[in-house]
Amino acid sequence: MRLSIFCFIIIVISVEASAQDYRRWEINEDGSISWMIKGDIPHKDHIEMSGKQISCVLRYGVAADGSFELTRSLVWPMLRTIPNNTHASLNHRFEDDPLDLIRVDGQPLPSEKVSKILLNGAIETISSLGERIRLIRQLFPLLTAPGYCEIYHIENISSFPVTVE
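Read on for a plain summary of the structure. Per-chain numbering applies: the sequence of each chain, read as written, is numbered from 1 onward. Given that the model is predicted, a residue must reach a pLDDT of at least 70 before its local features are reported, and side-chain atom pairs must reach 80 or more before they are shown or counted; all residues, however, enter totals for whole chains, interfaces and linings. Side-chain measures were taken over the full set of non-hydrogen atoms in the model, leaving aside hydrogen atoms and water.

Some thoughts on the pattern of salt bridges
The condition that has to hold: Salt bridges are defined by distance alone: a side-chain nitrogen of Lys or Arg within 4 Å of a carboxyl oxygen of Asp or Glu. The helix and strand labels rest on DSSP assignments: H or I over at least four residues marks a helix, E over at least two residues marks a strand, and numbering proceeds from the N terminus. Only protein chains enter the calculation, and the probe is 1.4 Å; a residue is then buried if its accessible area is under 20% of its type maximum, exposed if over 50%, and partly exposed in between.
Within the structure shown, the criterion is met by six salt bridges. Here Glu69 makes a salt bridge to Lys44, at a shortest N to O gap of 3.5 Å. Placement of Glu69 in strand 5 (residues 68-80) and of Lys44 in strand 3 (residues 43-50) is noted, with a sequence separation of 25 residues between them. Among the residues examined, Glu69 registers a relative accessible area of 29% and is labelled partly exposed. Between Arg137 and Glu112 there is a salt bridge whose closest N-O contact spans 3.1 Å. Note that Arg137 is positioned in strand 11 (residues 133-141) and Glu112 in strand 9 (residues 112-119), a separation of 25 residues in sequence.

Written as structure tokens, this is what we have:
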């Protein structure tokens, strides 16, 4: 009878504590999570959310210049080409940016700089558009109706009036 002996060698590689301690996302007291953008960009992520008769996959991120990037993939699971095949659901990807349609004092919006992204059942972003405008964006599927919603709140944070079109 032959006896075989196997030897396993486990190598543990230590990483500097500063790299291990880094956390992009922080848990807030209310149970939401937030990312305070502090130069740890570019970074992209995605989240899937579902509402009443609709699902969405939001691929979002902050580019190297601090601007927000977003692609929405909406899925209507009830609208299928083949019954009982959830992979045959109607879906569409939207890459348009509604902010391209907005003008401040007759000019396109200044470059966006995202300062915070919050996940609290929806995606909420807080950004500055130049020194005079704050943008709060909320993205979520509806829970009581078959729809997806984006709310854009534009706020003048300067002491001078601005015209928004």
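This is not the end of the story, as more comes after the structure.
Comments concerning the sheet that holds strand 9
Put simply, the test is: Pairing between strands is defined by DSSP: at least two bridges between the two strands are required.
Read across the sheet, six strands follow the order 1-2-9-10-11-12 without closing on themselves; strand pairing throughout is antiparallel. Two strands bound the open sheet, and with one partner strand each, they are strand 1 (26-27) and strand 12 (148-156). Summarising the sheet, strand 11 and strand 12 pair through nine bridges and their orientation is antiparallel. Looking at strand 12, one finds that Leu139 is bridged to Glu150.

Considering the nonpolar core
Our working rule: As used in this record, nonpolar core signifies buried Ala, Val, Leu, Ile, Met, Phe, Trp, Tyr and Cys residues forming a set joined through side-chain atoms within 4.5 Å. In what follows, residue pairs with any heavy atoms lying within 4.5 Å of each other are defined as contacts.
In this structure, Leu58, Tyr60, Ile117, Ile123 and Tyr148 are the most contacted members of the largest nonpolar core, which totals 17 residues. Secondary structure elements with two or more residues in this core: strand 4 (55-62), strand 5 and strand 9. Ranked by residue count, the leading element in this core is strand 4, at four residues. Apart from the residues within four sequence positions on either side, Ile117 is in contact with Trp25, Ile33, Ser34, Trp35, Ile37, Tyr60, Val62, Phe68, Ile123, Glu124 and Thr125. The next biggest cluster of nonpolar side chains, apart from the first, holds eight residues, and it includes Val104, Leu129, Leu135 and Val162.

Regarding the side chain of Arg72
Applied cut-off: Polar contact criterion, stated in full: a pair of N or O atoms within 3.5 Å, where within protein one must be able to donate a hydrogen and the other to accept it, and residues adjacent in sequence count only if both atoms are side-chain atoms.
Position of Arg72 among the secondary structure elements: in strand 5. In terms of polar contacts, Arg72 uses its side chain to reach the backbone carbonyl oxygen of Asp96, at 3.0 Å. A polar contact of 2.3 Å, which involves the side chain of Arg72, links it to the side chain of Glu150.

Quick word on a negative patch on the surface
So the rule is basically this: Here the term patch refers to residues with relative accessible area over 30% and no salt bridge, with like charges joined within 9 Å and nonpolar side chains (Val, Leu, Ile, Met, Phe, Trp, Tyr) within 5 Å. Calculation of accessible area relied on Shrake-Rupley with a 1.4 Å probe; when residues are assessed, cover is drawn exclusively from the protein chains displayed. The charge count includes Lys and Arg as positive and Asp and Glu as negative, but it does not include His or the ends of the chains. For this purpose, a charge sits on NZ of Lys, CZ of Arg, CG of Asp or CD of Glu.
There is a patch of like negative charges on the surface, built from Glu95, Asp96, Asp97 and Asp100. Tracing the chain through its elements places Asp97 in the loop between strand 6 (89-94) and strand 7 (103-104). Look at Asp97 and you get partly exposed, because its relative accessible area is 33%.

Don't take any of this as a statement about function, it's just geometry.
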